[in-house]
Amino acid sequence: MHNSPGRSPFLTFVYGGIVLLLVLLALFARGFSRDIGDGRVAGRYSLFPLFQSHAPEELTLTWNGFALHFSRSMTPGLKGYEPAQAGTDVVFDGDVRLRLSPGADTGGSITFSPVGSSGGAASPPLIVPFTVAGVLQDPPAGAALAWKRAGRTYLLTLPQGARTDVAAGTLTLPLAGPAWSGVLRVDGVAAATQAASTRAPARSNRLPDETSMPSEDRLQATLARYADAAYQGWSMSRYLAADARWQLADGTLGFSEDIGIGLLAESIARGTWQRMIPLWSTAVAQQQRRAPQAALSFTTSAYMGGTRDFAKAFQERTAQQVVQVRALLERSDDHLLLLRGVVTLLADHASPDLLQKTGAFLAGRTPSSMDIPAAAGLVGVLLDYSRVVRSDDALVRLLKDAIERRILPAVRTTSAGVFLDTDSGRSDLQTSIRCGVLLLRAGTVVGSSLATAVGRGLVTSGLSLADEKGILPATLGLAGGRISSRDGFLAPESIYPMLPLGRFVPLETSLAGQLGPGSWVWTSARLASATGSSLGAALVFSYPPGVPYHLVLQGIRPFAQLKLHGIPWHADPTYFKYSNGWAYDAGSQTLFMKVTGKTDTEEIDIAW
């Protein structure tokens, strides 16, 4: 009888290594892409990110057969890419950035320019390899490169000091000297578009008619219909019970904590929370089993408990955000205005000097020079700064200037309502709706009934485009007084928390004014009042009676007694198992609570 030899341990090791490598490829060698005008930025991360930085290994800008290739081996080396104002920043070592922005013509042009570089005379140039899939042509005057593809001629325009080496396939771009920009464009398109745009400036700058804006009743009816559609999608038509996941806006199956916020907030308003909380709890557990390494923010713990997990994740996230804000302030970057909740972040989690620098940064903004997303961000940050830090005449004037000189002139009237023109005849619907919500708040502050009316119009018009699941188009084309195109998808969970629905959504509220710097509360309940003194603190929360809610109170110094429902309440580390209770972490001065109200409001009294 012939006996087969046993399998070599070495072969087993080799096979196992191959399988592990394939797993790593599937999990980590992921690509990414982002559209810019008619171009696309795409790339891939390192195969072994656990042992290297999270910088992309390579990144390529492609546009009509032309491609720029960036990599970590360049000098300066590729470090990453970040969304920018209506475009993308390619980031290099030393925080040198090449900003890629869509042009304003109908040819899908792309403009690129350096930002964040030192500008010193000794700054070395950026040498970028390029390739062309097309027939090279003799470039006309003013162009550095020309090529023909599919019957059209495309041009690359570069500033003085830049060089094109066709034989080597490289562009040399200066990082020192005066500001410059390069352009990728279709030959003959830009000039025609510019001429057309100069013929009718009056129509584009015409302010909307206040009397034609929807009434408050119509706004509320639209909000109610939209909430109905969104909830129907979250609780039924988009939910796959067998998999405990949802159909996302792009049609794929997935999980998002943002869905949980909308689902649970609406279920409390509709009295279905006892059915929806277990449904969501099951979905979270399934997601943790599917992806145990995926980081969750645990924002729905405000409804269902687990606030210690939230507090840990929140602390890590805010620390990273403060570092990001500090870097943005150091270079006076308008990207700061695009960060939601930045004022509360700094008031509660940063040093006082950073908040002071933010005030100086805001005072130095010029709304007329900003693009629409940045101007909308400025309005939001100014409103929050006035509420959380201080309000003075100068900030109110700046807020009014941003609204009257930048936001209102960008509102376009169509047969379907009013929308914000965020980029040359295009409307980013999320920005348009958010601007509407901000104008509803700002109208009273600046004393403008027009701002309030337009706010109603932007919110009503935007939400009216939703389908039966609450899904909206992400981008609109606006032309000839109508919506000329609808592109992409905007899920209701992406905008739900900012809508003026009066729902109970998780929110961080600063208590610095009442309890001192670094004090704040995070909960889905509404903070009705808060007072603090040398004797103690009293906080009143509003929430539907009989529905439990959870709180994280930070910056609560050691205390002698806590009263809940008017009676002294003792600590219990397993408080979350009961209808009411609390636990205290003296090291971090954090108070965790669960409250089930007996009336619409409940007071928590703390004696030092």
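Nothing here was measured: the structure is a model prediction, and the numbers come from that model. (Residues numbered from 1 in each chain as written. Predicted model: local features only at pLDDT ≥ 70, side-chain atom pairs only at ≥ 80, totals over all residues. Heavy atoms only, no water.)

**Notes on the pattern of salt bridges**
Applying the stated criterion across every chain yields a total of 20 salt bridges. E266 serves as the salt-bridge partner of R270, at 2.7 Å between the closest nitrogen and oxygen. Taken together, the residues R270 and E266, both in helix 5 (residues 257-270) and 4 residues apart, mark about one turn of the helix. One salt bridge connects K357 with D353, and the closest N-O pair in it is separated by 3.9 Å. (Salt bridge = Lys/Arg side-chain N within 4 Å of Asp/Glu carboxyl O. Helix = DSSP H or I, 4+ residues; strand = E, 2+ residues; numbered from the N terminus.)

**Here's the deal with the packing of helix 11 (residues 372-388) against helix 13 (residues 429-446)**
Two elements in contact, helix 11 and helix 13, have axes whose closest approach is 10 Å; the angle formed by their N-to-C orientations is 40°. In terms of their interaxial angle, helix 11 and helix 13 are classed as oblique. The crossing of helix 11 and helix 13 is left-handed. Residues P373, A376, G377, V379, G380, L383, D384 and R387 of helix 11 form the contact with helix 13, whose participating residues are T431, R434, C435, L438, R441, A442 and V445. When its residues are assigned to classes, the contact of helix 11 with helix 13 shows 8 nonpolar, 3 polar and 4 charged. (Axes fitted to C-alpha atoms, helices over the stretch in contact; angles between N-to-C directions. Parallel < 35°, antiparallel > 145°, perpendicular 65-115°, else oblique. Left-handed = near helix turned anticlockwise from the far one by under 90°. Contact = heavy atoms within 4.5 Å. Nonpolar A, V, L, I, M, F, W, Y, C, P; charged D, E, K, R; others polar.)

**Some details on unusual backbone geometry**
Leave glycine aside and you will find that most residues have negative phi; peptide bonds, for their part, are mostly trans. A cis amide bond links T75 with the next residue in sequence, P76, at an omega value of -5°. Structurally, the position occupied by P76 is in the loop between strand 4 (66-71) and strand 5 (78-84). The backbone of N64 shows a phi angle near 50°, a positive value even though the residue is not glycine. Counting through the fold element by element, N64 comes out in the loop between strand 3 (56-63) and strand 4. Given the relative accessible area of 23%, N64 is considered partly exposed. Although it is not a glycine, A244 adopts a positive phi angle of roughly 55°. (Buried < 20%, exposed > 50% of the residue type's maximum accessible area, 1.4 Å probe, protein only.)

**Digging into helix 5**
For an α-helix the count is 3.6 residues per turn, leaving residues at separations of three or four pointing the same way. With 14 residues, helix 5 extends 20 Å between its outermost C-alpha atoms, agreeing within 8% with the 20 Å of an ideal straight helix rising 1.5 Å per residue. The element helix 5 is largely enclosed, with a buried count of 11 among its 14 residues. Here helix 5 has its buried residues at E257, I259, G260, I261, G262, L263, L264, A265, E266, S267 and I268. A distance of 3.2 Å separates the backbone nitrogen of D258 from a side-chain oxygen at the start of helix 5, and that oxygen is part of S256. Looking one or two residues beyond helix 5, the residue adopting positive phi is G271, at roughly 75°. (Expected span 1.5 Å × (residues − 1). Polar contact = N/O pair within 3.5 Å; in protein donor to acceptor, adjacent residues only side chain to side chain.)

**Topic: helix 9 (residues 342-349)**
In terms of burial, helix 9 is a largely internal element, 7 of the 8 residues being buried. Restricting attention to buried positions, one finds in helix 9 the residues V342, V343, T344, L345, L346, A347 and D348. Contact partners of the buried residues in helix 9: helix 8 (307-330), helix 10 (352-363), helix 11, strand 24 (507-510) and strand 25 (520-523).

**Focus: the side chain of E602**
On the secondary structure map, E602 appears in strand 33 (residues 601-607). Buried charge without a partner: E602 forms no salt bridge, and the closest opposite charge is K598, 6.9 Å away. Beyond its immediate stretch of four places on either side in the chain, E602 contacts L539, V540, F541, Y549, H565, V595 and G597. (Lys, Arg positive; Asp, Glu negative; His and termini not counted.)

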